Amino acid sequence: MLPALISRVTCGDVASDGAELRRRAHGAARALAGVRRVAVDEPDPVHRLCWLLGAELAGAAALVVDPDWSRRDEVLADAAPEVVVSGAPEPGDPVARRGDERTWFYLPTTSGSSGVPKVLVRSRRSWSESFRALDVPLGPDDAVLVPGPLSSSLFLFGAVHALHGGASLRLLRRWSATAAAAACRDATVVHVVPAMLAALLSVWEREPEPRPRLRLVVCGGAAVDAELEARLHRVLPGCELLEYYGAAELSLVAVRRGEPRLRPVVEVDVRDESGASLPPEVPGALWARSELVCDGHLRGGVLVPAEPGWRGVGDRAVRHEDGTVTVLGRAGSVIGTGGHLVAAEEVEAVLRAVGGVLDVVVAGTPHRRLGALVTAVLEVDPGSPPTRARLRDATRRLEPAKRPRRWLVLPELPRTPAGKPARAEVARLLRDGALDAEVPA
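Residues numbered from 1 in each chain as written. Predicted model: local features only at pLDDT ≥ 70, side-chain atom pairs only at ≥ 80, totals over all residues. Heavy atoms only, no water.

### Things to note about the pairing of strand β3 (residues 37-40)
Next, step 1: The alternating pattern of β3 places Arg37 and Ala39 on one face and Val38 and Val40 on the opposite face, and all of these are buried.
Next, step 2: Where β3 and strand β4 (residues 61-64) come together, 4 bridges link them in parallel fashion. Pairing of Val40 across the sheet is with Val64, part of β4.
Next, step 3: As judged from the 3 bridges shared by β3 and strand β5 (residues 83-85), these two strands associate in the parallel manner. The partner of Val38 across the bridge, within β5, is Val83. (Buried < 20%, exposed > 50% of the residue type's maximum accessible area, 1.4 Å probe, protein only. Helix = DSSP H or I, 4+ residues; strand = E, 2+ residues; numbered from the N terminus. Pairing = 2+ DSSP bridges.)

Shown next, in the form of structure tokens:
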């Protein structure tokens with residue numbers, strides 16, 4: 001996983017050349033000789049990366065600790081690392097790479113949006129094959145910006161993919177739309193989630209100059225609505241969008257680049273509750289089968305192997321006649337209202353495309369007659385907040401039952417350690433009646 005040549009890595013105003021990173025990665029590998037599992041508890045993104053690359057050389061599986069984990073002790077108890085490292089690894093002479101492609105490389109965690117994060121196990125091969133499946137060639141002329149925390153597998157994947165492709169890498173110590181927009185001036189590729197893309201577009205719409213030189217936006221974590229994509233092309237003509245769908249347990253499943261729907265890069269199936277395959281255009285549970293999936297998860301340091309063959313994570317989808325798929329979202333995020341079932345992610349994708357919306361969670365407010373009211377809880381740009389009329393206008397493309405009946409705003413949405421909106425926490429706040437700040441009309 002450590003490439004033969006590493007280009008420059010920049011974090012804020014601090015730059016490290018490839019030779020220095022390689023020496024520190026080899027030094028980390030020497031420090032981890034004989035270790036099978038290591039927790040990297042270091043806030044500096046570059047030092048984190050050096051420890052991870054060094055662990056890979058040593059044949060050790062690395063857990064990247066997030067300082068914002070609320071259930072840190074439980075996660076560490078499941079991962080059961082033999083050592084916890086921090087600081088900058090000392091430079092060292094080259095060491096031979098230990099292990100093979102089946103060797104455990106990385107211990108990602110699930111997002112924890114609905115409970116205690118699981119500690120998963122990924123092999124070297126599952127990541128290297130994921131690079132090939134993404135199919136984004138990079139070279140020394142590319143500069144890749146990864147503005148999110150490396151404790152998130154989505155952003156760590158982007159960072160290691162950049163190094164693997166021979167590109168230079170730019171990191172941020174903490175997400176900021178303004179800082180990320182400035183960093184994009186010299187970047188050719190950026191890895192984001194839709195909420196980040198919406199925030200970046202808001203900055204560029206206010207300040208169109210200097211124009212970023214981005215050629216590609218790689219976006220995962222949630223669906224990109226057509227209007228958000230249209231905003232991207234209005235602001236940055238000629239910049240491509242690559243959207244992908246995956247999950248921590250499954251890795252990469254489907255990619256969309258230059259076409260309207262996701263195209264699977266592995267075997268997929270859509271099934272009913274009995275496990276029977278459904279015909280095209282009928283929604284059901286999404287299953288995938290590939291060599292990219294995790295080996296299982298750790299419980300108290302012991303591997304609970306994943307079932308071989310087909311796997312699912314509870315996401316619902318529709319398979320189309322042309323082989324493409326539309327992911328409808330997690331089954332647990334479906335809202336029952338007045339006899340209708342509403343996929344929260346479908347509504348969220350529409351609202352994220354509205355200017356001034358930084359992020360949104362759609363959930364149900366309990367209602368005695370309807371079961372639940374579809375409720376949009378928004379994090380908005382304080383400099384240009386959207387009005388309720390504008391938000392309602394954006395949802396007119398949705399069926400009436402899917403349109404939010406309540407509109408609430410928070411200064412910041414509660415988030416999981418991976419940076420995703422904490423859906424379960426928002427639902428709890430709505431159940432408890434703890435949210436009441438309405439979006440202005």
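### Observations regarding the pairing of strand β9 (residues 168-171)
Next, step 1: With 3 bridges connecting them, strand β1 (residues 9-11) and β9 associate as parallel partners. Looking across to β9, one finds that Thr10 is bridged to Arg170.
Next, step 2: Pairing analysis gives 4 bridges linking strand β8 (residues 143-146) to β9, with the strands arranged parallel. Following the sheet pairing, Val144 is matched in β9 by Leu169.

### Observations regarding helix α7 (residues 194-206)
Next, step 1: Here α7 contains 13 residues, and its C-alpha end-to-end distance of 19 Å stays within 8% of the 18 Å for a straight helix at 1.5 Å per residue.
Next, step 2: Burial runs high along α7: 11 of the 13 residues are buried.
Next, step 3: Residues of α7 that are buried include every one of Pro194, Ala195, Met196, Leu197, Ala198, Ala199, Leu200, Leu201, Ser202, Val203 and Trp204, and no others. (Expected span 1.5 Å × (residues − 1).)

### A short note on the packing of helix α4 (residues 124-134) against helix α5 (residues 153-164)
Next, step 1: At a closest axis distance of 11 Å, the pairing of α4 and α5 adopts a crossing angle of 80 degrees. With respect to α5, the axis of α4 lies roughly perpendicular. Here α4 contributes Trp127, Ser130, Phe131 and Leu134 to the contact with α5, which in turn contributes Ser153, Leu156, Phe157, Val160, His161 and His164.
Next, step 2: When the residues that make up the contact of α4 with α5 are grouped by side-chain class, the tally is 6 nonpolar, 4 polar and no charged. (Axes fitted to C-alpha atoms, helices over the stretch in contact; angles between N-to-C directions. Parallel < 35°, antiparallel > 145°, perpendicular 65-115°, else oblique. Contact = heavy atoms within 4.5 Å. Nonpolar A, V, L, I, M, F, W, Y, C, P; charged D, E, K, R; others polar.)

### Focus on the sheet that holds strand β23 (residues 357-367)
Next, step 1: An order of β23-β24-β25 is seen for the 3 strands of this open sheet, with the pairing classed as mixed. Sheet topology places β23 and β25 (406-410) at the edges, where each strand pairs with a single neighbour. The average angle at which neighbouring strand axes cross in this sheet is 30 degrees, direction not considered.
Next, step 2: Where β23 and strand β24 (residues 371-380) come together, 10 bridges link them in antiparallel fashion. Paired with Ala363 across the bridge in β24 is Thr375.
Next, step 3: Lying on the sheet, helix α9 (residues 344-352) is in contact with β23, β24 and β25; it crosses β23 at an angle near 140 degrees.

### Here's the deal with unusual backbone geometry
Next, step 1: At the junction of Glu209 and Pro210, the peptide bond is cis and its omega measures out at -5 degrees in the coordinates.
Next, step 2: Assignment of secondary structure puts Pro210 in the loop between α7 and β11 (216-219).
Next, step 3: A positive phi angle, near 50 degrees, is found at Ala80, a position not held by glycine.
Next, step 4: Summarising the element assignment, Ala80 is placed in the loop between α3 (72-79) and β5.

### A look at the sheet that holds strand β14 (residues 263-264)
To summarise the sheet geometry, strands pair through backbone hydrogen bonds and adopt either a parallel or an antiparallel arrangement.
Next, step 1: Spatially, the 9 strands line up as an open sheet ordered β2-β1-β9-β8-β10-β11-β12-β13-β14, and their pairing is mixed. The sheet is open, and its two edges are formed by β2 (14-16) and β14, each paired on a single side.
Next, step 2: Here α4 sits on the sheet and contacts β12 (240-247) and β13 (251-257); the angle it forms with β13, its principal contact strand, is near 10 degrees.

The analysis is restricted to geometry; functional conclusions fall outside its scope.
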